[in-house]
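Coordinate inspection notes
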Amino acid sequence: MIATTALAILLAVVFLGAGASMVMAVDAQRANAAHLGYSVSAFRRIGAAATLGALGVLLGLAYPPVGLAAATGLVALMVGAIISHVRVRDRFHHLIPPVATGAASIAYLILIGQQALS
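Now for a look at the structure at hand.

Parameters at a glance
- Residues numbered from 1 in each chain as written.
- Predicted model: local features only at pLDDT ≥ 70, side-chain atom pairs only at ≥ 80, totals over all residues.
- Heavy atoms only, no water.
- Phe/Tyr/Trp six-rings, centres within 6.5 Å; stacked < 30°, edge-to-face > 60°.
- Axes fitted to C-alpha atoms, helices over the stretch in contact; angles between N-to-C directions.
- Helix = DSSP H or I, 4+ residues; strand = E, 2+ residues; numbered from the N terminus.
- Parallel < 35°, antiparallel > 145°, perpendicular 65-115°, else oblique.
- Left-handed = near helix turned anticlockwise from the far one by under 90°.
- Contact = heavy atoms within 4.5 Å.
- Nonpolar A, V, L, I, M, F, W, Y, C, P; charged D, E, K, R; others polar.
- Patch = residues over 30% accessible without salt bridge, like charges linked within 9 Å, V, L, I, M, F, W, Y side chains within 5 Å.
- Areas by Shrake-Rupley, 256 points an atom, 1.4 Å probe, with all protein chains shown as cover.
- Salt bridge = Lys/Arg side-chain N within 4 Å of Asp/Glu carboxyl O.
- Core = buried A, V, L, I, M, F, W, Y, C linked by side-chain atoms within 4.5 Å.
- Buried < 20%, exposed > 50% of the residue type's maximum accessible area, 1.4 Å probe, protein only.

A few words on the packing of aromatic side chains. Per the counting criterion, the structure on display carries one aromatic pair. On the basis of an interplanar angle of 35° and a centroid distance of 5.9 Å, the ring pair of Tyr-38 and Phe-43 is categorised as tilted.

And the structure:
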C-alpha cells in the first residue's frame, strides 16, 4: 500500500503539472505542440486527459477500479507521447520523460490492479 500511495502521489504531481501547463497553453507547451505537429487545442485536450488521469490515480487509492482506468489512460498517453517524439525523430533524451512516467504508470497499474482483485 505504501508503494501504491507513493506512486499515486508521484504520478499526480507530474501529470497535474504537465497537464495544467498544457491546458493553460504556456509558451513552452505551445512550442512543444508545434514541434510535435499538434494544434494548441489538441494539446489542451491532451493536457485535460493528463489532469484527469492524475486525479484518477489519487481517487484510485480509495476506489481501485478508478485507479485502474486512470493508469491505463496515462499509459496510453505516454505511448502516444513516445510515438509522437519518434515520429519527429527527436533524440533519445526527449523520450526519457514519457518512458519514465509510462513505466511508473505501469507499476502503479500493477499495484492497484492487485488491490482491485483482492
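The structure having been displayed, the exposition proceeds.
Direction vectors running N to C along helix H1 (residues 2–23) and helix H5 (residues 92–117) enclose 140°, while the axes themselves pass 9 Å from each other. Relative to H5, the element H1 lies oblique. Crossing hand, H1 versus H5: left-handed. Across from Ala-3, Thr-4, Leu-7, Ala-8, Leu-11, Val-14 and Phe-15 in H1, the residues of H5 making contact are Thr-101, Ala-104, Ser-105, Ala-107, Tyr-108, Leu-111, Ile-112 and Gln-115. Among the residues forming the contact of H1 with H5, the class breakdown is eleven nonpolar, four polar and no charged.

What follows is about a nonpolar patch on the surface. Nonpolar side chains collect at one region of the surface, where Ile-9, Val-13 and Leu-58 lie side by side and expose about 260 Å² of accessible area between them. The residue Leu-58 is located in helix H3 (residues 40–59) in this model.

Unusually for a residue other than glycine, Ala-25 sits at a positive phi of about 55°. Looking at the element boundaries, Ala-25 is found in the loop between H1 and helix H2 (27–36). For Arg-89, which is not glycine, the phi dihedral falls at a positive 60°. Among the secondary structure elements, Arg-89 is positioned in the loop between helix H4 (64–87) and H5.

This paragraph deals with the nonpolar core. Taken as a class, soluble globular proteins show a tendency for nonpolar side chains to be buried jointly. Among the nonpolar cores identified, the biggest contains 16 residues, and Leu-11, Phe-15, Val-57 and Tyr-108 are the most heavily contacted of them. Elements with a minimum of two residues in this core: H1, H3, H4 and H5. Ignoring anything within four residues of it in the chain, the contact list for Val-57 reads Ala-8, Leu-11, Ala-12, Ala-70, Ala-71, Leu-74 and Tyr-108.

Secondary-structure assignment places Phe-15 in helix H1. With 61 residues separating them in the primary sequence, Phe-15 and Ala-76 have C-alpha atoms 13 Å apart. Look past the residues within four positions of Phe-15 in its chain and what remains in contact with it is Ala-20, Ala-50, Thr-51, Ala-54, Leu-74, Met-78, Thr-101 and Ser-105.

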